[in-house]
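Residue-level structure breakdown
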Amino acid sequence: MSSTGICWVVLTVGLVFLSLCSTGQAIECYTCNTFSSSQCAAKQTCSAPNDACARITLSDGTSKYSCKVYDKCTHELISQEIGRENFNLKCCQSSLCNSSFMSHPGTALVLGLAAVLLLMMSS
């Protein structure tokens, strides 16, 4: 094999290797460390080993937002952490995924407009 062929093989293998490597970018989450009924607007870039965003919502409608380790973001472990049994837990691994549906009022507006458009088109 010629030196040009070897260069192409090395280059190809190198590019495949680089494409398979993770960039290791940190996740960004909403973080409000006390339970509150108000909207959480504070954002934080989570540090290792935290790789997930969490939202814990109690039965009274208050929520707490934080960074968590995804494998430890279980109902059982969070229950021990907060000392409660009845709550809803959302753990997710994309940036700012722990917002509540209503923390983005535009979402409800867009969905409402989409429903109206669908109704108009079906008539």
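All figures in this text were calculated on a predicted structure; none of them were measured in a lab.

**As for the overall build of the protein chain**
The helix and strand inventory of the protein chain stands at three helices and six strands. Starting at the N terminus, the α and β elements of the protein chain follow one another as α-β-β-β-β-β-α-β-α. Every one of the 123 residues in the protein chain was classed for burial, and the buried ones make up 25%. Only carbon and sulfur atoms are counted for the fraction: they give 61% of the accessible area of the protein chain, which is about 8600 Å².

**Overview of the sheet that holds strand S2 (residues 32-36)**
Strand order in the open sheet formed by four strands is S2-S5-S4-S6, with antiparallel pairing between adjacent strands. In the strand order of this sheet, the two ends are held by S2 and strand S6 (87-92), each with one partner. Sheet twist, expressed as the average angle between the axes of neighbouring strands with direction ignored, equals 20°. In terms of strand pairing, strand S4 (residues 52-58) meets strand S5 (residues 63-68) through six bridges, oriented antiparallel. Bridged to Ile56 within S5 is Lys64. In the packing of helix H2 (residues 75-82) onto the sheet, contacts are made with S2, S4, S5 and S6, and the angle to S6 comes to roughly 120°.

**Some points on the pattern of salt bridges**
Where charged atoms of side chains with opposite charge meet at close range, the side chains can pair. On inspection of all chains with the given rule, the structure shows one salt bridge. Linking Lys68 and Glu81 is a salt bridge whose minimum nitrogen-to-oxygen distance equals 2.8 Å. With Lys68 in strand S5 and Glu81 in helix H2, this residue pair connects regions lying 13 residues apart in the sequence.

**As for H2**
Ile78, Ser79 and Ile82 are the residues of H2 that are buried. Considered in projection along H2, the buried side chains sweep an arc of 105° and stay on one side of the axis. Across H2 from its buried face, at more than 90 degrees, point the exposed residues Glu76 and Gln80. Contacts from the buried residues of H2 go to S2, S4, S5 and S6. Immediately downstream of H2, the backbone of Gly83 shows phi near 70°, a positive value.

**Some thoughts on the state of the cysteines**
A disulfide bridge is the covalent bond that connects two cysteines by way of their sulfur atoms. In this structure the tally under the stated criterion is five disulfides. Shown here is the disulfide that connects Cys29 with Cys53, its sulfur atoms set 1.9 Å apart. On the sign convention where negative means left-handed, the S-S torsion of about -85° between Cys29 and Cys53 marks this disulfide as left-handed. With a gap of 24 residues between them, Cys29 in strand S1 (residues 28-30) and Cys53 in strand S4 connect regions that are remote in the sequence. By the burial criterion, Cys29 is buried, and Cys53 matches it. Across the protein chain, the way the bonded cysteines pair up, counted in sequence order, is 1-5, 2-3, 4-6, 7-8, 9-10.

What counts, and where the lines are drawn
- Residues numbered from 1 in each chain as written.
- Predicted model: local features only at pLDDT ≥ 70, side-chain atom pairs only at ≥ 80, totals over all residues.
- Heavy atoms only, no water.
- Helix = DSSP H or I, 4+ residues; strand = E, 2+ residues; numbered from the N terminus.
- Buried < 20%, exposed > 50% of the residue type's maximum accessible area, 1.4 Å probe, protein only.
- Areas by Shrake-Rupley, 256 points an atom, 1.4 Å probe, with all protein chains shown as cover.
- Pairing = 2+ DSSP bridges.
- Axes fitted to C-alpha atoms, helices over the stretch in contact; angles between N-to-C directions.
- Contact = heavy atoms within 4.5 Å.
- Salt bridge = Lys/Arg side-chain N within 4 Å of Asp/Glu carboxyl O.
- Arc of directions from axis to C-beta.
- Disulfide = S-S within 2.5 Å.

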